[in-house]
Amino acid sequence: MDERNKFELNRRIIASVHKYKRKKRIQNITIAASLVLLIGVGFKTLFFNNQVEIAGPTIKQHAKSLKVDLSTESDVKLVLSNDQEVRINEDSSEIMYSKTGETVSINNDKSVKQASENNNNPRYNTIIVPYGKQSKISLSDGSKVWLNSGTKLTYPIAFNKAKREVYLEGEAIFEVTHNEQSPFHVATIDYEVKVLGTVFNVSSYPDDGYTLTALESGSVEINLPSQKDSKKRAIKIVPGTLATFNKINRDIQTKTVDIAQYMSWRDGVFIFKKDELSYILKKVSRHYKVQITLENEGLERNTFSGTLDISKGLDDVLQIIKETTDFEYERIDKQIKINQTK
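Residues numbered from 1 in each chain as written. Predicted model: local features only at pLDDT ≥ 70, side-chain atom pairs only at ≥ 80, totals over all residues. Heavy atoms only, no water.

A.B. asks: I'd like to hear about the pattern of salt bridges, residue by residue, with values.
C.D. replies: Applying the stated rule across the entire model yields 15 salt bridges. One salt bridge connects Asp 190 with Lys 247, and the closest N-O pair in it is separated by 3.9 Å. In this pair, Asp 190 is assigned in the loop between β13 (184-187) and β14 (192-195) and Lys 247 in the loop between β19 (241-246) and β20 (252-256), connecting sequence segments 57 residues apart. Salt bridges here are not isolated pairs; linked through shared partners, they connect Glu 73, Lys 77, Glu 85 and Arg 87. (Salt bridge = Lys/Arg side-chain N within 4 Å of Asp/Glu carboxyl O. Helix = DSSP H or I, 4+ residues; strand = E, 2+ residues; numbered from the N terminus.)

Okay, structure coming up:
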C-alpha cells in the first residue's frame, strides 16, 4: 500500500472514531437531560405533595393544641400566632384589631404588630380570660365579642372571604357584623353556630353538662354533629329562644326565655329567675375565682330569684343570696363552705 492510500485509510479511521465519540456524547447528554427532567418532575410532585401535607391546621386543631389551665391563670393573655404572649393585668380589658388584623390595640394604650398570613395559610390568635376576669374584643371584620370568666377564644387574625370562623371554649356574647357573602361560624366542642349578622350568647364550659345558645336578635342555625345512624342535624332559632344541648344524651331542646338573663353579665349584673343554688354558685365561683363547696346536698335544689350586682364584693353578693335562701357560709381566703342553717 502506497503512502497516499495509507494516509487516506488513517483519515477514515480517525473520522470514524470521532463520529463514534460524538454519538456517545449526544446519547449521554440525552440521558442526562432525561434524568434532569425526571428529577424535576419528581421534585415538583414531592414539593406539591409536601405542600398539601404541611397545610396549616384547622382552627379547631389549633385551638386544641393550645393547652391552658384557666384555674391557674391570673391575667388575661393574648397568644399571637408566633406564640408570643401579651399579658393584660386589668380585671376588664378591651382589644381591638385593625381591618387587616396586623395591628392590635390593647386598652388604647398599647399596640402590637403582626403578619396576617403565612404562605396563604391563616394565622390564628387566642385570647384567654381566666376566672375572675372579663374582656371585650373587636375582630378584624368589626364583630364584637364579650368574653366571660374562664373563657378561651381562637380566631383568625384576618378572615377569608368565604367563611368567618372562631372557636369558643367558655362563654361569650357575639355582636356579628352582617356579611351575607361570608357567614360567621362559632364552633364549640359540641356543635357549630352559623349566623350572618346578629347578637347572641354561647356558653360551652367543659365542666358543664350542657352547651347553651341564647338569641337576642337576628337568626342563627345550630349544626349538630351527626349520629352513627343519622345525618347531620341542623335547627334554626328565632330571637327570644334558648337552645340547650345535653352533652350526655346528645339531644337539644329549645324554649322561649327572657334573653336579658343570658346577656346581663356583659353589663356587670347576674339575673336569676328561680334558678337552683348549685347553678348560681357555679357562676359566682367563676366570676370571683373562688372555690365554693355545698356541704349539704339538699341546698343544691334551693332556688333564688333576683339581681346580683357583680361589681360589688363577693361577701355582698353572698349576703343577698342568703336573704332568700336558708344557709350560712364560712370563708377562708379563696375557699368557701356553705352549710344549712342550724
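Still more ground to cover, so stick around.
A.B. asks: Please set out the pairing of β20 residue by residue, giving values where relevant.
C.D. replies: Summarising the sheet, β19 and β20 pair through 5 bridges and their orientation is antiparallel. Note on β20: the bridge partner recorded for Leu 242 is Lys 255. A loop of 5 residues connects β19 with β20, the two strands running antiparallel in sequence, and Arg 250 in this loop sits at a positive phi of about 60°. (Pairing = 2+ DSSP bridges.)

A.B. asks: Can you explain the side chain of Glu 192? Please cite residues and give values.
C.D. replies: Structurally, Glu 192 is set in strand β14. At a separation of 2.8 Å, a polar atom in the side chain of Glu 192 contacts the side chain of His 185. Not counting chain neighbours up to four residues away, the residues in contact with Glu 192 comprise Lys 163, Glu 165, His 185, Val 186, Ala 187, Glu 221, Ile 222 and Asn 223. (Polar contact = N/O pair within 3.5 Å; in protein donor to acceptor, adjacent residues only side chain to side chain. Contact = heavy atoms within 4.5 Å.)

A.B. asks: Account for the nonpolar core, naming residues and giving values.
C.D. replies: Grouped together as the largest cluster of nonpolar side chains are 39 residues, with contacts concentrated most on Leu 153, Phe 174 and Phe 200. Filtering out sequence-adjacent residues up to four positions away, Phe 174 remains in contact with Lys 144, Val 145, Leu 153, Val 166, Leu 168, Phe 184, Val 186, Thr 198, Val 199, Phe 200 and Val 202. Core analysis: the second largest hydrophobic core is formed by 31 residues, Trp 146, Phe 270, Leu 281 and Leu 308 among them. (Core = buried A, V, L, I, M, F, W, Y, C linked by side-chain atoms within 4.5 Å. Buried < 20%, exposed > 50% of the residue type's maximum accessible area, 1.4 Å probe, protein only.)

A.B. asks: Can you lay out the confidence of the model for the protein chain for me, pointing to particular residues and giving the numbers?
C.D. replies: Within the protein chain, residue pLDDT values average 84, and 82% of them lie at 70 or more. Per-residue pLDDT stays below 50 along residues 29-53; that stretch engages in 0 contacts with residues further than four places along the chain or on separate chains. (pLDDT = per-residue confidence, 0-100.)

A.B. asks: Can you break down helix α5 (residues 314-324) residue by residue, with the values?
C.D. replies: Leu 314, Val 317, Leu 318 and Ile 321 are the residues of α5 that are buried. Taken around the axis of α5, the buried residues stretch over an arc of 95°, which confines them to a single face. Where α5 is buried, its residues contact α4 (277-288), β23 (303-309), β24 (327-332) and β25 (335-340). (Arc of directions from axis to C-beta.)

A.B. asks: Can you tell me about the sheet that holds β24, naming the residues and giving the values?
C.D. replies: Across the sheet, which stays open at both edges, the 3 strands sit in the order β22-β25-β24 with mixed pairing between neighbours. Looking at the sheet topology across the chains shown, the edges are occupied by β22 (291-294) and β24. The sheet shows a mean angle of 20° between the axes of neighbouring strands, direction not considered. Each of β22, β24 and β25 touches α4; the most contacted strand, β22, lies at about 165° to it. Strands β24 and β25 of the sheet are contacted by α5, whose axis makes an angle of about 165° with β24. (Axes fitted to C-alpha atoms, helices over the stretch in contact; angles between N-to-C directions.)

A.B. asks: Please give an account of α4 that cites residues and values.
C.D. replies: When the terminal C-alpha atoms of α4 are compared, their 16 Å separation across 12 residues agrees well with the 16 Å that a helix rising 1.5 Å per residue should span. Taken across its 12 residues, α4 has 9 buried, putting it largely inside the fold. Of the residues flanking the end of α4, it is Lys 289, one or two places downstream, whose phi is positive at about 55°. (Expected span 1.5 Å × (residues − 1).)

A.B. asks: Requested: an account of the environment of Asp 251, with residues and values cited.
C.D. replies: As for its placement among the helices and strands, Asp 251 is situated in the loop between β19 and β20. Looking at Asp 251, the relative accessible area reads 32%, which means it is partly exposed. Along the sequence, Asp 251 and Leu 224 sit 27 residues apart, while their C-alpha atoms lie 9.3 Å from each other. Once residues lying within four places of it in the same chain are set aside, the contact partners of Asp 251 are Thr 244, Phe 245 and Asn 246. At 2.7 Å, the side chain of Asp 251 forms a polar contact with the side chain of Gln 253.

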